[in-house]
Amino acid sequence: VFSIGGLAQYDPAQAAIEVARVDEHRTVAVQLTYKRWSDFPGLLAPTVVCSDGTTNCGLQPPKVDWGDTFAVRLGAEQGFELAPQAVFRIRAGGWVETSALPQPLPGGIRYYDGPRVVPTLGMGVGLRSLDIDTFAQEHIVLGEGRMTVFGLTGTVRF
C-alpha cells in the first residue's frame with residue numbers, strides 16, 4: 001500500500017486594518033495585517049501506511065509549531081493625466097513581515113523563510129476602459145537571501 005500526502009494551497013485566516021488618503025490622482029495608504037499561521041497543518045505528511053492501518057509507526061515527520069505573523073505595509077501612488085481619459089501612474093511602497101517559523105526548527109527540517117522586508121515599485125497606464133500595470137518586488141528574507149519578483153497585469157472595465 002502506497003499513500004501520498006499533499007497540500008495544494010494554504011491561505012491563513014487574516015485580519016487587516018488600513019488607513020488611506022485618496023485624492024484625484026494620489027493615494028497614500030498604511031496597513032497592519034495579522035495572519036493566523038498557527039492553524040497551518042504543515043507541509044509534510046506521512047507517506048506510508050503502517051501494518052495496523054495508521055500512519056504513526058515511526059515515520060511521522062517532525063511537527064513544526066507555526067506562529068502567527070504581523071505585516072506592516074506602506075504604499076503611495078501618484079497619477080499624471082496624459083489626456084482627458086489617459087492617466088500614467090507610478091507607485092512605490094513596501095512591507096515588513098515577521099516569520100511564522102519557530103527558532104530553532106526541529107532537527108532535519110530546513111525552510112527558506114525568516115523575517116521579510118519587501119520594497120516595491122510599479123507603474124501603469126489607465127485608459128478609458130483598460131488599465132495596464134507592471135511591478136517589481138525585492139523580497140529580502142533576513143538571514144536567508146533575496147528573491148526578485150516581476151509582474152504585469154491588465155484590467156478591463158465594462
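So, a few notes on the structure that sits alongside this text. This one's a predicted model, so the numbers in the text were calculated from it and none came from an experiment. (Residues numbered from 1 in each chain as written. Predicted model: local features only at pLDDT ≥ 70, side-chain atom pairs only at ≥ 80, totals over all residues. Heavy atoms only, no water.)

## Some details on the overall build of the protein
Per the secondary structure count, the protein includes zero helices and seven strands. Reading the protein from its N terminus to its C terminus gives the helix and strand order β-β-β-β-β-β-β. The proportion of buried residues among the 158 residues of the protein is 23%. Counting contacts in the protein only where the partners sit at least 6 residues apart, residues at least 24 apart contribute 54% of the total. Looking at the protein as shown, the accessible area adds up to about 10,700 Å², and 61% of this sits on carbon and sulfur atoms. (Helix = DSSP H or I, 4+ residues; strand = E, 2+ residues; numbered from the N terminus. Buried < 20%, exposed > 50% of the residue type's maximum accessible area, 1.4 Å probe, protein only. Contact = heavy atoms within 4.5 Å. Areas by Shrake-Rupley, 256 points an atom, 1.4 Å probe, with all protein chains shown as cover.)

## Re the environment of Y111
Along the chain, Y111 falls in the loop between strand 4 (86-97) and strand 5 (116-126). The class of Y111 is buried, set by a relative accessible area of 16%. Sequence-wise, Y111 and L101 are 10 residues apart; in three dimensions their C-alpha atoms are separated by 8.5 Å.

## Considering the packing of aromatic side chains
Per the stated rule, a full pass over the model turns up six aromatic pairs. Between Y34 and F70 the ring centres are 5.4 Å apart and the planes differ by 50°, which places this aromatic pair in the tilted class. Linking Y34 in strand 2 (residues 26-36) with F70 in strand 3 (residues 69-83), this pair joins segments that are 36 residues apart in sequence. On the basis of relative accessibility, which here comes to 24%, the residue Y34 falls in the partly exposed class. Residue F70 is classed as partly exposed on the basis of its relative accessible area of 45%. A centroid spacing of 5.5 Å and a plane angle of 90° characterise the contact between W37 and F40, whose relative ring orientation is edge-to-face. Take F40: its relative accessible area is 7%, and that puts it in the buried class. Here a set of aromatic residues connected by ring pairs shows up, and it is made of Y10, W37, F40 and W66. (Phe/Tyr/Trp six-rings, centres within 6.5 Å; stacked < 30°, edge-to-face > 60°.)

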